[in-house]
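Take a look at the letters that make up each chain.
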Amino acid sequence: MCLGIGRPEPTIMWRHSTSKGHSFMSEGEYVEITAITKEQSGVYECSTTNDISAPDIRTVQVTVNYPPFILDVRSTGTPVGQKGILQCEASAVPLADFAWYKEDRRLLNGLNGVKIENKGKQSMLIFFNVSEEDYGNYTCVAMNTMGITNASIILYGPGAVHDVNSAVLSPRGSPCLLLTVILSYLLKF
């Protein structure tokens, strides 16, 4: 809501410009956004003017919460004895928490020669000294209070036949794995 008082009575305009160049305009004290999407988040500007004095402009920040979705996953062929990195990037508001799994076993930071590094919307699973046992399928799980999603990423050796497009993005995944992840996430609160 945006109020303007004056003589003559001011005109009230709302404006929102998106990063994609789309602009939203509405006239009146109220702006109603139904079925809001994440693209509608950002700064909304209310301007009151009556052609006598300079316009009075106020802004409000609108944040739209949404569940995580995986933007990108990356893996490179890593020889035994070398450092290997799996990367997972997820967009979410609030920011996603990440967990890594091999089969149905959750990986813990600092154990079994792996380090989990989370920075903003990116998570990295780092292997300091890759062994044959490390090769295989890993699952990156991204979760927040709005939802959960996961992606499958393969750590493979050099020369292995590997389709770089084979990462699997899934909003559901294995029911057993997801139940385990959800329960451990809820127990944090």
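This text follows the structure it describes.
This structure is a prediction, so every number in the text was calculated from the model and none was measured.

The rules behind the values
- Residues numbered from 1 in each chain as written.
- Predicted model: local features only at pLDDT ≥ 70, side-chain atom pairs only at ≥ 80, totals over all residues.
- Heavy atoms only, no water.
- Core = buried A, V, L, I, M, F, W, Y, C linked by side-chain atoms within 4.5 Å.
- Buried < 20%, exposed > 50% of the residue type's maximum accessible area, 1.4 Å probe, protein only.
- Helix = DSSP H or I, 4+ residues; strand = E, 2+ residues; numbered from the N terminus.
- Contact = heavy atoms within 4.5 Å.
- Pairing = 2+ DSSP bridges.
- Axes fitted to C-alpha atoms, helices over the stretch in contact; angles between N-to-C directions.
- Disulfide = S-S within 2.5 Å.

Caption draft 1: Geometry of the nonpolar core. Core analysis: the biggest nonpolar cluster contains 22 residues, and Leu86, Cys88, Trp100, Leu125, Phe127 and Tyr138 have the highest contact counts within it. When residues of this core are traced back to their parent elements, those giving at least two are β5 (66-75), β6 (84-93), β7 (97-102), β9 (114-119), β10 (122-127), β11 (136-144) and β12 (147-155). The element that contributes the greatest number of residues to this core is β6, accounting for four residues. The contacts of Leu125, once residues within four sequence positions are left out, are Gly84, Ile85, Leu86, Trp100, Leu107, Val114, Lys115, Ile116 and Tyr138.

Caption draft 2: A look at the sheet that holds strand β1 (residues 11-17). The four strands lie next to each other as β2-β1-β3-β4, forming an open sheet whose pairing is antiparallel. The sheet is open, and its two edges are formed by β2 (23-27) and β4 (56-62), each paired on a single side. Put simply, the sheet's adjacent strands are angled 20° from each other on average, direction ignored. The pairing of β1 with β2 spans five bridges and is classified as antiparallel. What sits directly across from Ser17, in β2, is Ser23.

Caption draft 3: Expanded view of unusual backbone geometry. At the junction of Arg7 and Pro8, the peptide bond is cis and its omega measures out at -5° in the coordinates. The topology assignment puts Pro8 in the segment before β1. Although it is not a glycine, Asp51 sits at a positive phi angle of roughly 65°. If you trace the backbone, Asp51 turns up in the loop between β3 (42-49) and β4. Take Asp51: its relative accessible area is 75%, and that puts it in the exposed class.

Caption draft 4: A look at the state of the cysteines. All told, the structure shown has two disulfides when counted by the stated rule. Shown here is the disulfide that connects Cys2 with Cys46, its sulfur atoms set 1.7 Å apart. Residues Cys2 and Cys46 are joined by a disulfide whose S-S torsion is about -80°; by sign, that bridge is left-handed. Here Cys2, found in the segment before β1, pairs with Cys46, found in strand β3; they are 44 residues apart in sequence, far enough to count as distant. In this model, Cys88 is linked to Cys140 through a disulfide, with the two sulfur atoms separated by 2.1 Å. The sign of the S-S torsion, about -80°, decides the handedness of the disulfide formed by Cys88 and Cys140: left-handed. Of this pair, Cys88 sits in strand β6 while Cys140 is found in strand β11, placing the two residues 52 residues apart along the sequence. The disulfide pattern of the chain is 1-2, 3-4 when the bonded cysteines are numbered in sequence order.

In short, the description is geometric, and any link to function would need to be established separately.
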